[in-house]
Amino acid sequence: MQHFINVLLNGITQGIVIAAFALALVLIFRSTRIVNFAQGSQAMFTTYIALTLMNNDFPYWVAFLGALAAGFIIGAVLERVVIRPLEGGMELNIVIATLGLYVAIQALAAILFGSDYKSFSSPVGVQGFQVGDLNLALTPTSIFVICTVGVVVVGLTLLFQKTQLGLTMRAAAFDGEVSRILGVRVSHLLTFGWALAGLVGSVAGILVATGSFIYPSYMESLIAFGFIAAVIGGLDSPIGAVVGGLILGIVNSLVSGYLAPGLVTIGAFVVLIAVLLLKPGGLFSSTQARRV
Amino acid sequence: MSVLEIKNLTTTYGPVKALDSVDVAVETGQITAVLGANGAGKTSLLRTVSGLVKPTAGTITLDGTDITGKPTESMVHRGMAHVPEGRGVIAELTIEENLRLGMRGAAKRPTDTPAPVRTLDDAYQLFPVLGDRRNAQAHTLSGGERQMLVIARALLARPTLLLLDEPSLGLAPRIVAQIFNLVRALVNDSGLTVLLVEQNARSALSIAHTGVVLNLGKVVVTESAEVLQNDATLRHSYLGF
Ligand SMILES: Nc1ncnc2c1ncn2[C@@H]1O[C@H](COP(=O)(O)OP(=O)(O)OP(=O)(O)O)[C@@H](O)[C@H]1O
Ligand SMILES: [Mg+2]
């Protein structure tokens, strides 16, 4: 029983971080139909910025917010400088550009920050709670992670559902031309979308590092699972990203806890294939409504 | 006086000349109907006017300002509202969200623009069916209801010039009559100016002041609607009724 509860708790904590990263991917994909392969590298880079701040005696919170700001700016700059000039050409060009950025940013981080393991401390404890004689795999850090992603999800939901900016972002994502006719500056919104995705990706990057170690490729498994979660959710649905992330986190944890840790990747692909066989567009894809 | 003046406008898509030296003047407070068969260039005309397509030659003047080649996003603030071919409902958004997008366009309009529809409530009063379903996704609406939605959305931007691309498309004659009568009433009551593009010449001329016939990208006739309606030769040779 203790084992099962802990497997579940682990899965939720893992899943929620996957969800955050998948959200970043979805934010860009739903408005541009571009899969940003550099998202993970952007997040990794901003986590190094946070670490640098902490090493210069800034508190965790300042470092956290600094990384988010950096993620926001890097996202906007990449869209303007790298992606925008490639628009209108072959779609493959943009895919290749984001793949190039993925590699280039990782190399840059290795040069600037070194490629050794660096510890990234947590603002709260990493010791599991104890309830009676149950040792829970729930730590203050994992509660912090869950709450932070919760804030991000609620914040994004409010932005999209309750604000004028969010309404125009959704409109631009669904129908760019009609939005322009209605006076929406779609190109500004694309930049903002990349910036926002950069920020959300940074949150995921820092959370997975918190209480652990970082090195230039520390995001690799999160990137892979984030992509799978985003596809499970339908690639253009924020809710889908969150649900996909949680499903994947829990499945990963079950596979690792009851079968073998080495089978986690295979388990993730089995889930992916099963979902795509049952619902080829992913669980929450909105492309159905569009065809009506 | 004309709100919109189109002079010598030419638009090409690669080798295809969709508009060939087109001249159209849209008089203030009137309905100007541009008529023509499939592929005549009607949609191209509206898309060029609202900046979605850049012309290869010619000028477009709105309220005395040259707007040729200006970005589409700026047209709403200049007082132009375009209801595109196929209506342009954003199907995934709710009816009210579609209307809010229209209202957003009014923010930069002078507050003294006469406008028949200023608030969401005005829109719901004009089209009660939209009010009843305000929180439903727009893809649940019928064709006629969608047409009402996009007209209301366009009016909420408080335009001086309304561009309508084939509002009758796919609608039952009764609904077409209802929508056309409404457009005419809006023009009579509020001083709105309309550039209406239609294949359905008979219905369009019944509410228009002026008719312009487009054939293979060229203007072949510009006449008052009355003359066009009553001249059997013109009707037979260009309008097919
Ligand atoms: N994006 C485009 N690329 C190439 N050719 C185009 C494009 N849009 C329109 N055309 C061509 O330009 C000509 C005019 O088309 P347009 O859509 O303006 O006609 P229309 O009068 O609106 O026709 P309909 O009544 O069928 O809507 C046609 O020959 C059409 O094939
Ligand atoms: Mg057309």
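How each quantity is defined
Residues numbered from 1 in each chain as written. Chains lettered and ligands numbered in written order. Predicted model: local features only at pLDDT ≥ 70, side-chain atom pairs only at ≥ 80, totals over all residues. Heavy atoms only, no water. Helix = DSSP H or I, 4+ residues; strand = E, 2+ residues; numbered from the N terminus. Rg over C-alpha atoms; globule rule 2.2 N^0.38 Å. Buried < 20%, exposed > 50% of the residue type's maximum accessible area, 1.4 Å probe, protein only. Lys, Arg positive; Asp, Glu negative; His and termini not counted. Charge placed at Lys NZ, Arg CZ, Asp CG, Glu CD. UniProt positions renumbered as here; feature names shortened; annotations may be inferred. Pairing = 2+ DSSP bridges. Axes fitted to C-alpha atoms, helices over the stretch in contact; angles between N-to-C directions. Contact = heavy atoms within 4.5 Å. Patch = residues over 30% accessible without salt bridge, like charges linked within 9 Å, V, L, I, M, F, W, Y side chains within 5 Å. Areas by Shrake-Rupley, 256 points an atom, 1.4 Å probe, with all protein chains shown as cover. Salt bridge = Lys/Arg side-chain N within 4 Å of Asp/Glu carboxyl O. pLDDT = per-residue confidence, 0-100. Donors = N, O, S within 2.8 Å, 3.2 Å for Na, K, Ca; no water. Core = buried A, V, L, I, M, F, W, Y, C linked by side-chain atoms within 4.5 Å. Buried area = accessible area lost by both parts, 1.4 Å probe. Phe/Tyr/Trp six-rings, centres within 6.5 Å; stacked < 30°, edge-to-face > 60°. Near = heavy atom within 4 Å. Polar contact = N/O pair within 3.5 Å; in protein donor to acceptor, adjacent residues only side chain to side chain. Nonpolar A, V, L, I, M, F, W, Y, C, P; charged D, E, K, R; others polar.

Caption draft 1: Fine view of the overall build of chain A. Each helix and strand counted, chain A has 12 helices and 4 strands in total. Over its C-alpha atoms chain A spans a radius of gyration of 19 Å, differing by no more than 12% from the 19 Å that the globule rule assigns to 292 residues. Principal-axis analysis of the C-alpha atoms places the extent of chain A at approximately 65 × 50 × 35 Å. For chain A, the proportion of its 292 residues judged to be buried stands at 50%.

Caption draft 2: Just the overall build of chain B, in detail. Each helix and strand in chain B was counted, giving 10 helices and 10 strands. Each principal axis of the C-alpha atoms in chain B carries an extent, and together these give about 45 × 35 × 35 Å. Computed over 23 positive and 23 negative side-chain charges, the inter-centroid distance for chain B is 4 Å.

Caption draft 3: Structural view of the UniProt feature "transmembrane region" (unreviewed entry) in chain A. In this numbering, the UniProt entry assigns the feature "transmembrane region" (unreviewed entry) to residues 7-29, 58-78, 90-114, 134-160, 189-215, 221-251 and 258-278 of chain A. Annotated as 92% helix and 0% strand, the span residues 90-114 of chain A places its first and last C-alpha atoms 36 Å apart.

Caption draft 4: Fine view of the sheet that holds strand 9 (residues 210-215) of chain B. Residue and element names in this part refer to chain B. Sheet architecture is open: 6 strands sit in the order 6-7-8-3-9-10, paired in mixed fashion. Two strands close off the open sheet at either side, each with one partner strand: strand 6 (80-83) and strand 10 (218-224). Here the strands of the sheet are splayed against their neighbours by 15° on average, with no regard to which way each runs. Where strand 7 (residues 161-165) and strand 8 (residues 193-198) come together, 5 bridges link them in parallel fashion. From the neighbouring strand, Leu163 faces strand 8, where its bridge partner is Leu195. The sheet strands contacting helix 1 (residues 42-49) are strand 3 (31-35), strand 6, strand 7, strand 8 and strand 9, and the helix crosses strand 7 at an angle near 145°. Strands in contact with helix 7 (residues 173-190) are strand 3, strand 7 and strand 8; relative to strand 8, the strand with the most contacts, it is inclined by about 155°.

Caption draft 5: Spotlight on a nonpolar patch on the surface. Residue and element names in this part refer to chain A. A contiguous nonpolar patch, built from Phe4, Leu8, Tyr258, Leu259, Leu263, Ile266 and Val270 and spanning about 650 Å² of accessible area, is present on the exposed surface. Among the secondary structure elements, those contributing two or more residues to the nonpolar patch are helix 1 (2-32), helix 10 (238-259) and helix 11 (264-278). With respect to the helices and strands, the residue Phe4 is situated in helix 1.

Caption draft 6: How the structure looks around the confidence of the model for chain B. Residues with a pLDDT of 70 or more make up 100% of chain B, whose mean pLDDT is 94. Helix 10 (residues 232-239) of chain B is the least confidently modelled element of chain B, averaging 82 in pLDDT, while helix 1 of chain B averages 98, the highest of any element.

Caption draft 7: How the structure looks around the coordination of the magnesium ion (ligand 2). Residue and element names in this part refer to chain B. On the protein side, the magnesium ion (ligand 2) has Thr43 (OG1) and Glu85 (OE) as donor atoms, found 1.9 to 2.3 Å from it. With Thr43 in helix 1 and Glu85 in the loop between strand 6 and helix 3 (95-104), this residue pair connects regions lying 42 residues apart in the sequence. Residue class for Glu85 comes out partly exposed when judged on its relative accessible area of 42%.

Caption draft 8: A look at the nonpolar core. Ranked by size, the top nonpolar core spans 84 residues in total, and within it A:Phe64, A:Phe120, A:Leu156, A:Leu207, A:Met219, A:Leu248 and B:Leu101 carry the most contacts. A total of 13 residues in this core trace back to one element, the largest contributor, which is helix 1 of chain A. Excluding its chain neighbours within four sequence positions, the residues that come into contact with A:Leu248 are A:Ile18, A:Phe225, A:Ile228, A:Ala229, A:Ile232 and A:Ala268. If you look at the next biggest cluster of nonpolar residues, it comprises 50 residues, including B:Leu35, B:Ala152, B:Leu171 and B:Ala225.

Caption draft 9: How the structure looks around the interface of chain B and chain A. Each partner contributes to the interface: chain B provides 23 residues, whereas chain A provides 21 residues. Each partner contributes to the roughly 2100 Å² buried at the junction of chain B and chain A, and carbon and sulfur atoms together form 61% of this total. Contact with chain A buries area across many residues of chain B, yet B:Glu73, B:Glu92 and B:Arg104 alone supply 31% of it, more than any other trio. The tally of links between chain B and chain A comes to 3 salt bridges. For the side of chain B that touches chain A, the secondary-structure elements that each account for two or more residues are helix 2 (75-78), helix 3 and helix 6 (143-156) of chain B.

Caption draft 10: Structural context of the packing of aromatic side chains. All names here are of chain A. Tallied over the full model, the rule gives 13 aromatic pairs over all chains. Between Phe64 and Phe144, the aromatic rings sit 6.5 Å apart at their centres with planes inclined by 65°, giving edge-to-face as the arrangement. Remark: Phe144 occurs in helix 5 (residues 140-162) and Phe64 occurs in helix 3 (residues 60-83); sequence separation between them is 80 residues. You can call Phe144 buried: its relative accessible area is 11%. Arranged with centres 5.9 Å apart and planes meeting at 75°, the rings of Phe72 and Phe192 form a pair that is edge-to-face. Of this pair, Phe72 sits in helix 3 while Phe192 is found in helix 8 (residues 186-209), placing the two residues 120 residues apart along the sequence. Taking relative accessible area as the criterion, Phe72 reaches 29% and is therefore assigned partly exposed.

Caption draft 11: Geometry of the site of ligand 1. Residue and element names in this part refer to chain B. Residues in contact with ligand 1 amount to 14 residues; listed here are only the nearest, Asn38, Lys42, Thr43, Ser44 and Glu85. Take Ala40: an N or O atom from its main chain is 3.2 Å from an oxygen atom of ligand 1. Gln199 places a side-chain nitrogen or oxygen 3.1 Å from an oxygen atom of ligand 1. Looking at the shell around ligand 1, the elements with two or more residues in it are strand 2 (16-27) and helix 1. Top element by residues in the shell around ligand 1 is helix 1. It accounts for 3 residues. A breakdown of the residues in the shell around ligand 1 according to their chemical character gives 5 nonpolar, 6 polar and 3 charged.

Caption draft 12: Structural detail: the side chain of B:Glu166. Residues and elements named next belong to chain B. With respect to the helices, strands and loops of the structure, Glu166 is situated in the loop between strand 7 and helix 7. Its relative accessible area of 7% is what places Glu166 among the buried residues. Look past the residues within four positions of Glu166 in its chain and what remains in contact with it is Lys42, Glu85, Val197, Glu198 and Gln199.

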